[in-house]
Amino acid sequence: GHEPEGVERGDDGLARGLSGDHALVILDLMLPGLDGFEVCRRLRATHPDLPILMLTARGVEADVLEGFRCGADDYVTKPFSVSELVARLGALLRRSGARPDESPSPFDFGGWKIDPGDLSARRGGQRISLTRRESDLLALLVRDAGRIVSRRKLLREIWRVPEPDRIETRTVDMHVAKLRKKLGEGSALIETVRGEGYRFAG
């Protein structure tokens, strides 16, 4: 049901990705011209919400971690199951809003009305823009309201990190800090549970 377009060189892939005509990018690492890591970095810098899935034979931990640091949303190693790949693509497209008929419904976060469809939050006459990850993070906290959501769970469900226990990163904390700044007074509803994670106290 998809309409894929393939290129063989990293620099060509970067040019096509920057065109903005694609809903998702599947990216190999070992490419002529530019390697997949560099393509991913440049795509992410220009299109922060473009879903990127790395599909590569390089499955050592250092490469997986570097892929996520470069901005990949998911990382699949060869050999792979086609059915699993299709399922992962579907999940990324739903999260990115590329399938509007399947996008999550708006929800409340304190005094804010969060609309995942257009990545916005509104309160009175005020409107702020959210990234896809910020919207997903709020949705997960609301879904688990009153319960502690661990950093490991956030990394696994939002950043799609397959083995979060093996990673030391401040990514979650930095995103929460930026989100709190955007929400202003509503930021108090995101409680930090020291050594555990975060909790929505709404």
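From a predicted model like this one, the values you see are computed outputs, not experimental measurements.

**Student:** Sorry, what's going on with the overall build of the protein here?
**Tutor:** On a plain count of helices and strands, the protein comes out with 7 helices and 10 strands. In terms of overall size, the protein behaves like a compact globule, its C-alpha atoms giving a radius of gyration of 18 Å where 202 residues would be expected to give roughly 17 Å. C-alpha extents for the protein along the principal axes are approximately 50 × 35 × 30 Å. Across the 202 residues of the protein, 42% fall into the buried class. Long-range contacts, defined as pairs at least 24 residues apart, comprise 51% of the intrachain contacts of the protein with a sequence gap of at least 6. Per element, the accessible surface of the protein, about 10800 Å² overall, is 50% carbon and sulfur. Here the protein carries 33 positive and 32 negative side-chain charges, and the mean point of each set is 5 Å from the other.

**Student:** Quick question: what am I supposed to make of the environment of K153 here?
**Tutor:** With respect to the helices and strands, the residue K153 is situated in helix α6 (residues 151-157). Since its relative accessible area comes to 21%, K153 is described here as partly exposed. Sequence separation between K153 and P164 is 11 residues; the distance between their C-alpha atoms is 8.0 Å. Excluding residues that lie within four positions of it along the chain, K153 makes contacts with L140, R143, D144 and I158.

**Student:** What is the right way to look at a nonpolar patch on the surface in this model?
**Tutor:** There is a patch of nonpolar side chains on the surface, built from F80, V82 and V86 and spanning about 260 Å² of accessible area. With respect to the helices and strands, the residue V82 is situated in helix α4 (residues 82-96).

**Student:** Just checking my understanding: could you explain the confidence of the model for the protein for this structure?
**Tutor:** Reading fine detail from the predicted coordinates is not recommended where pLDDT is low. Looking at the protein, pLDDT values average 86 and 94% of them are 70 or higher. Looking over the protein, one finds the lowest element-wise mean pLDDT in α4, namely 83, and the highest in strand β1 (residues 25-27), namely 94.

**Student:** Where do I start with the nonpolar core in this structure?
**Tutor:** It is characteristic of soluble globular proteins that their nonpolar side chains tend to be buried jointly. Among the nonpolar cores identified, the biggest contains 42 residues, and L138, L154 and I190 are the most heavily contacted of them. The contact partners of L138, leaving out residues within four places of it in the chain, are F107, F109, I114, L130, L179, L183 and I190. The next biggest cluster of nonpolar side chains, apart from the first, holds 8 residues, and it includes L24, L53, V76 and L92.

**Student:** How should the pattern of salt bridges be read in this particular structure?
**Tutor:** Oppositely charged side chains can form a pair if their charged atoms are brought close together. In this structure the tally under the stated criterion is 22 salt bridges. Where E66 meets R41, a salt bridge forms, and the shortest distance between an N and an O atom there is 2.6 Å. Placement of the pair is E66 in helix α3 (residues 61-70) and R41 in helix α2 (residues 36-46), with a sequence separation of 25 residues. Given the relative accessible area of 36%, R41 is considered partly exposed. In this structure, D108 and K113 form a salt bridge, with 3.1 Å as the shortest nitrogen-oxygen distance. Here D108 falls in the partly exposed class, since its relative accessible area comes to 45%. Residues joined in a network through salt bridges with shared partners are E38, R41, R42, E66 and R69.

Calculation notes
- Residues numbered from 1 in each chain as written.
- Predicted model: local features only at pLDDT ≥ 70, side-chain atom pairs only at ≥ 80, totals over all residues.
- Heavy atoms only, no water.
- Helix = DSSP H or I, 4+ residues; strand = E, 2+ residues; numbered from the N terminus.
- Rg over C-alpha atoms; globule rule 2.2 N^0.38 Å.
- Buried < 20%, exposed > 50% of the residue type's maximum accessible area, 1.4 Å probe, protein only.
- Contact = heavy atoms within 4.5 Å.
- Areas by Shrake-Rupley, 256 points an atom, 1.4 Å probe, with all protein chains shown as cover.
- Lys, Arg positive; Asp, Glu negative; His and termini not counted.
- Charge placed at Lys NZ, Arg CZ, Asp CG, Glu CD.
- Patch = residues over 30% accessible without salt bridge, like charges linked within 9 Å, V, L, I, M, F, W, Y side chains within 5 Å.
- Salt bridge = Lys/Arg side-chain N within 4 Å of Asp/Glu carboxyl O.
- pLDDT = per-residue confidence, 0-100.
- Core = buried A, V, L, I, M, F, W, Y, C linked by side-chain atoms within 4.5 Å.

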